[in-house]
Amino acid sequence: MGSVTKNKWIKYLFLKRYPPLAPYLPETRKMSPHSLWTLLGKYRHVIVKPVWGSRGRGVIQVSDLGNDNYAIHYERMETVKQGRENTYRYIKRIIRSAAYMVQQRITRPTINNRPFDMRVIVQRKKHSSKWVVTGKVIKVAGKGYVVSNNTRSHGQLLRFKPGIQQSSIGHLPISALEYQIDKVSLRSAKRLNALFPGHRIYGLDIATDPYGRVSIIEANLYPAMSHFLKLKDGAMYRRILSYKRSKYYYYR
């Protein structure tokens, strides 16, 4: 059992119950047969993910193909099962007794026919209440993967503007899209501050759909810095570090 800081379900509920952020949270429920079939019936595609997981581990995509057939995509493996009982039994063999949740899948835009989302870092300096977006990187899923975590899927990392420009939503106004992403990310950090007073850094996993509508996939209190280290330009990484080294950051 992990701490509340790593519990995706608690953080999801806390954000979802805040009216200004509720429209940006995809529908999510604790995993059960009823939850799985209800959300599949509404959305046809769902993501099944661990409550305590990180870095894309254990994430499963389930799709309703019609005629009682269901596609299950786990890591680089894809299989089709017929019937609800066979499908759920197969999923349970993967997740075993771990706590899981099922989430409406956001249809993400693509770069070179691979889906992408982004990691947004929001920080504040010690003794300051002002939250600032200090880093933003596009994470492109590796070939054959659903997850975009770079370490797990060996995908591609890109700076925001050039990444959007070469993507399937490159026709959208980039400044307006970035403004919306920053607004949602900053609002999320301010909301989470009520649950984790004293914390000074959040990593938001943000996705858009093909029309540029923004969704919050999840929030991380201890985001990895490897995404920014791997970029050729180290400016964002240095900025993030400068905020972290502003005295010290802590959670209590």
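Refer to the preceding data block for the structure.
A brief report on the enclosed structure follows. Since this is a predicted model, take the numbers as computed values, not measurements.

Procedures and definitions
- Residues numbered from 1 in each chain as written.
- Predicted model: local features only at pLDDT ≥ 70, side-chain atom pairs only at ≥ 80, totals over all residues.
- Heavy atoms only, no water.
- Core = buried A, V, L, I, M, F, W, Y, C linked by side-chain atoms within 4.5 Å.
- Buried < 20%, exposed > 50% of the residue type's maximum accessible area, 1.4 Å probe, protein only.
- Helix = DSSP H or I, 4+ residues; strand = E, 2+ residues; numbered from the N terminus.
- Contact = heavy atoms within 4.5 Å.
- Pairing = 2+ DSSP bridges.
- Axes fitted to C-alpha atoms, helices over the stretch in contact; angles between N-to-C directions.
- Salt bridge = Lys/Arg side-chain N within 4 Å of Asp/Glu carboxyl O.
- Expected span 1.5 Å × (residues − 1).
- Arc of directions from axis to C-beta.

**Observations regarding the nonpolar core**
- I138 and I216 are the most contacted members of the largest nonpolar core, which has 38 residues in total.
- Taken together, the elements giving at least two residues each to this core come down to α1 (8–16), β8 (114–123), β9 (132–140), α5 (160–165), α6 (174–195), β11 (201–208) and β12 (214–220).
- Among the elements that make up this core, the one with the highest residue count is α6 (six residues).
- I216 has contacts with L15, L21, Y24, L25, P26, V184, S188, L204, D205 and I206, leaving out every residue within four places of it along the chain.

**Here's the deal with the sheet that holds strand β4 (residues 69–74)**
- Ordered in space as β1-β6-β2-β3-β4-β5, the six strands form an open sheet in which the pairing is antiparallel. Looking at which strands have only one partner, the edges of the open sheet turn out to be β1 (28–30) and β5 (77–82). Each strand of the sheet is rotated relative to its neighbour by a mean of 25°, with strand direction disregarded.
- Helix α3 (residues 84–95) contacts β3 (60–66), β4, β5 and β6 (100–104) of the sheet and is inclined by roughly 15° relative to β4.

**Focus on the pattern of salt bridges**
- Evaluated as defined, the whole model comprises 13 salt bridges.
- The partner of R108 in a salt bridge is D117, with the nearest N and O atoms 3.0 Å apart. Of the two residues, R108 and D117, neither departs from the other in class, the shared state being buried.
- What emerges from the salt-bridge pattern is a single network uniting R108, D117, R119, K139 and D205.

**What to know about α3**
- With 12 residues, α3 extends 16 Å from end C-alpha to end C-alpha; this agrees with the ideal 16 Å at 1.5 Å per step.
- For α3, every residue scored as buried is listed here: T87, Y88, Y90, I91 and I95. Buried residues in α3, looked at end-on, bunch into an arc of 160°, giving them a common side. The exposed set on the far side of α3, more than 90 degrees from its buried face, consists of E85 and R93.
- Residues of α3 that are buried sit in contact with α2 (33–43), β3, β4, β5 and β6.
- Downstream of α3 by a residue or two, R96 has a phi angle that is positive, lying close to 55°.

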